[in-house]
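As a plain string of letters, each chain reads:
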Amino acid sequence: MKQVENYKPRFHHFVWLFIVGCVLGVIVEGIFSLVDLGAWESHVTFLWGHLNIVYGAGACLTYVVANSLKKSNIFIEFVVFMILASVVEWIAGYIEEVVLNSTSWNYGAFGALTIAKYISIPFSIAWGIMGVLFIKFILPLLQRLFMKMNGRGWVIAAWIVTAFMIVNFVLSMYSFYRWGDRETCYTEKQFKEYVIKNPNDVKGFRKVNVPHRKPVYVKDKKPTNDIDKFFDKTWPDEFMHNRYMEWVINSK
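Calculation rules
Residues numbered from 1 in each chain as written. Predicted model: local features only at pLDDT ≥ 70, side-chain atom pairs only at ≥ 80, totals over all residues. Heavy atoms only, no water. Helix = DSSP H or I, 4+ residues; strand = E, 2+ residues; numbered from the N terminus. Buried < 20%, exposed > 50% of the residue type's maximum accessible area, 1.4 Å probe, protein only. Contact = heavy atoms within 4.5 Å. Lys, Arg positive; Asp, Glu negative; His and termini not counted. Charge placed at Lys NZ, Arg CZ, Asp CG, Glu CD. Pairing = 2+ DSSP bridges. Arc of directions from axis to C-beta. Polar contact = N/O pair within 3.5 Å; in protein donor to acceptor, adjacent residues only side chain to side chain. Axes fitted to C-alpha atoms, helices over the stretch in contact; angles between N-to-C directions. Parallel < 35°, antiparallel > 145°, perpendicular 65-115°, else oblique. Nonpolar A, V, L, I, M, F, W, Y, C, P; charged D, E, K, R; others polar. Expected span 1.5 Å × (residues − 1).

Let's talk about the overall build of the protein
- When its secondary structure is counted, the protein shows 9 helices and 7 strands.
- The principal-axis extents of the C-alpha atoms in the protein amount to approximately 75 × 45 × 30 Å.
- Split into buried and exposed, the 252 residues of the protein put 38% on the buried side.
- Of the contacts formed within the protein by residues at least 6 apart in sequence, a portion of 72% connects residues at least 24 apart.
- Averaging the locations of the 27 positively and 20 negatively charged side chains of the protein gives two centres separated by 6 Å.

Written out as structure tokens, the structure reads:
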């Protein structure tokens with residue numbers, strides 16, 4: 001038992017933990033969509049694969065923090081995870097809004113229970129509870145599993161997956177950048193308001209249908225180099241809105 005508690009995972013263990021977290025995140029989001037919208041939605045963050053980077057990174061961070069807190073009392077575990085998860089959510093939302101010029105979620109519906117758009121007090125409490133449960137039940141299982149995942153095959157496969165994810169990440173980030181840079185996007189309500197205020201300036205807008213949601217109206221800025229042309233042709237607005245259906249490019 002002492003050997004399990006003191007086991008230090010290696011790089012390839014975190015690679016597999018990251019991938020599992022990415023996949024489980026998509027499953028969790030899909031279940032929420034079924035409850036909320038009555039339809040399955042794959043809330044992915046990569047161009048390839050059913051993967052959500054926030055949950056993957058969160059799984060690795062949770063493991064590291066849980067391992068450092070496993071000898072603390074339950075109140076400290078709860079508070080640390082509640083604050084940590086809330087900060088991570090806010091950072092993810094802020095980066096998405098400022099860097100990618102888009103919004104995929106906010107907690108405005110919670111009213112006074114919302115802090116800075118991307119932090120919800122009920123969800124923060126839930127993160128704290130889940131952190132405690134992770135320490136008590138999941139952490140020991142992962143440590144025992146990691147001790148068995150030390151064959152050469154696990155290591156080689158992890159490096160192959162790492163190379164794939166680096167390429168996947170770079171292409172995904174630039175496709176997001178290009179999407180936000182080229183597109184002026186309005187929701188149906190915003191577009192109607194825009195038409196009323198600017199009746200002579202609607203040329204070039206077109207409607208893009210988004211599964212399970214209202215259509216959006218977009219107006220694209222032309223690419224200026226071959227790289228942008230490649231991304232615009234390979235991953236155009238229609239693909240991006242259907243792949244990332246919960247994301248909305250903020251109107252400029």
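Structural notes on the pairing of strand β6 (residues 216–220)
- Direction of pairing for strand β4 (residues 183–187) relative to β6: antiparallel, over a ladder of 5 bridges. Counterpart to Cys185 in the pairing with β6 is Val218.

Notes on helix α8 (residues 226–234)
- Within α8, burial applies to Asp228, Phe231 and Asp232. Seen from one end, α8 has its buried residues packed into an arc of 100°, which puts them on one side. Seen from the buried face of α8, the exposed residues on the opposite side, beyond 90 degrees, are Asp226 and Lys233.
- Each element contacted by the buried residues of α8 is listed here: α6 (152–182).
- For α8, the N-terminal capping position is held by Asn225, with its side-chain oxygen 3.1 Å away from the main-chain nitrogen of Ile227.

A few points about the environment of Phe75
- Considering the arrangement of structural elements, one finds Phe75 in helix α4 (residues 74–98).
- Taking the relative accessible area as the measure of exposure, Phe75 reaches 59% and is therefore exposed.
- In this structure the C-alpha to C-alpha distance between Phe75 and Val155, which are 80 residues apart in sequence, comes to 37 Å.

Things to note about the sheet that holds β6
- On the basis of which strands lie adjacent, the open sheet formed by 3 strands has the order β4-β6-β5 and antiparallel pairing. Where the open sheet ends on each side, the last strands, each with one partner, are β4 and β5 (206–208). With direction set aside, neighbouring strand axes in the sheet form an average angle of 35°.
- Relative to β6, β5 runs antiparallel, the two being bridged by 3 bridges. Within the sheet, the bridge partner assigned to Lys207 lies in β6 and is Tyr217.
- Contacts from α6 reach β4 and β6, with the element oriented near 75° to β4.

Notes on the packing of helix α3 (residues 53–69) against helix α5 (residues 121–148)
- The geometry of α3 relative to α5 is characterised by a closest axis approach of 10 Å and an angle of 105° between their N-to-C directions. It follows that α3 is roughly perpendicular to α5 by the angle criterion. Each of Thr62, Tyr63, Ala66, Asn67 and Leu69 in α3 lies in contact with α5, whose residues at this interface are Phe134, Ile135, Leu139, Leu142, Gln143 and Phe146.
- Tallied by class, residues from the contact of α3 with α5 come to 8 nonpolar, 3 polar and no charged.

A closer look at α4
- Look at α4: 36 Å from first C-alpha to last across 25 residues, which is about the 36 Å you get at 1.5 Å a residue.
- Every buried residue of α4 is listed here: Glu77, Phe81, Ala85, Ser86, Glu89, Gly93 and Glu96.
- Among the structural elements, α3, β1 (102–103), β3 (119–120) and α5 are those in contact with the buried residues of α4.

Structural notes on the side chain of Thr45
- Turning to its location among the elements, Thr45 is positioned in the loop between α2 (11–37) and α3.
- A polar atom in the side chain of Thr45 sits 2.8 Å from the backbone nitrogen of Ile53.
- Beyond its immediate chain neighbours, meaning those up to four positions away, Thr45 contacts Leu51, Asn52, Ile53, Ser172, Phe176, Tyr244 and Trp247.

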